[in-house]
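Commentary on secondary and tertiary structure
Listed here are the chains, written in short residue letters.
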Amino acid sequence: MPCSVIGSVAGVKAVNVHPDNPQKYNLPTVMAVIELVDPDNGYPIAIMDGTSVTNLRTGAAAGVATKYLAKENADSAGFIGSGVQALLSFLALQEIMEINEIKIHNRHLESSEKMAKMIRDTYGIDAKAVETAREAVTGLDVITTTTHSRTPVVLSKWVDEGTHINAMGADAPGKQELETELLLRSKILIDDWEQASHSGEINIPVEACVIGIDDIHSKIGDILIGSKVGRSNEKEITIFDSTGLAVQDIATAWKVYEKAVKLDVGLKLDLLA
Amino acid sequence: MSEVIDCVETAFAEEARCNVDMLQKNIYTLTRIVKKVLEILG
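Report on the accompanying structure.

Conventions we followed
Residues numbered from 1 in each chain as written. Chains lettered and ligands numbered in written order. Predicted model: local features only at pLDDT ≥ 70, side-chain atom pairs only at ≥ 80, totals over all residues. Heavy atoms only, no water. Contact = heavy atoms within 4.5 Å. Buried area = accessible area lost by both parts, 1.4 Å probe. Salt bridge = Lys/Arg side-chain N within 4 Å of Asp/Glu carboxyl O. Pairing = 2+ DSSP bridges. Helix = DSSP H or I, 4+ residues; strand = E, 2+ residues; numbered from the N terminus. Axes fitted to C-alpha atoms, helices over the stretch in contact; angles between N-to-C directions.

1. Structural notes on the interface of chain A and chain B
- Residue-level contacts link 41 residues of chain A with 27 residues of chain B.
- Each partner contributes to the roughly 3,000 Å² buried at the junction of chain A and chain B, and carbon and sulfur atoms together form 67% of this total.
- At the boundary of chain A and chain B, one finds three salt bridges.
- A:K259 is the partner of B:E3 in a salt bridge, and the nearest nitrogen-oxygen pair spans 2.9 Å.

Given below as structure tokens:
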């Protein structure tokens, strides 16, 4: 995933998605390496682990979307999925909103219990593991889904008016976490049309011609720069379909690089010697 | 995490201002066009 921001940063991320890795090879599903280069001349500046950067920037994206799209005074959150991505999304959300209640659902109850305990012990928030997905959705202000599901795990009838949903899990054609009916009754925001329609939350309904580009409210970036309005009332349901842009990786990696230089950590190499 | 949130917020904004070049997007577009052409050709 190559990317450059004009006059600012440039780099490339090499990344895989192998869902069977944890079971077959005891390796993560997603692993990545990032190379940063000088945007003026292409000189290699740094090579770093991209897996942590990917996790961080994906969680942060949920935070940014929640900041701009959740209703005012939102104070409760539900998580469908309780892996690394759910944890990073929680860390971002707790920077954005004051959370008083959290419900977490995972197919494996022990996993959601582990996350709930960590949140209770570390942050003092009332966090519970729940046995059904519905319990982690209904009555909560912000929902974050981080599963690899190929069948919807959130049904439209469970979702209250005014909810904001971060749909973070779909990252390949054929994946879908939210029922299409829910998408159709919501204000949908994406990070990028080409990526979202190819492999994001909307990819299946787009392929089936149930949802088209005209059904998308805007890109999240358009809300940030003020060219589009985000939430327009307390009743609408907003959905952020996150696929993950290369610019998120490179901007985050650049920050890591700057901090490493400042703290004088890392291994110095002359790659062109 | 707050610093990463700031980074990602800036990244989204720069992309919306068309200051970002991402080859990956072009690949998706190309894939879509090729798929369509193949469909037309049967």
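2. Concerning the sheet that holds strand β1 (residues 2–5) of chain A
- The five strands are arranged β4(A)-β3(A)-β2(A)-β1(A)-β1(B) in an open sheet whose pairing can be described as antiparallel. Looking along the sheet, the strands with just one partner apiece sit at the ends: β4 (44–49) of chain A together with β1 (20–21) of chain B.
- Note that strand β2 (residues 9–15) of chain A and strand β3 (residues 32–37) of chain A share six bridges and pair antiparallel. Bridge pairing in β3(A) links A:K13 to A:I34.
- Its contacts with the sheet place helix α9 (residues 246–263) of chain A against β1, β2, β3 and β4 of chain A together with β1 of chain B, and it is angled at close to 70° to β3(A).

3. What about the sheet that holds strand β5 (residues 76–80) of chain A?
All names here are of chain A.
- Read from one edge of the open sheet, eight strands run β7-β6-β5-β8-β9-β12-β10-β11, paired in parallel fashion. With partners counted over all chains shown, the strands left at the sheet margins are β7 (126–130) and β11 (216–219), one partner each. With direction set aside, neighbouring strand axes in the sheet form an average angle of 20°.
- Sheet analysis places strand β8 (residues 142–145) next to strand β9 (residues 164–167), joined by four bridges and oriented parallel.

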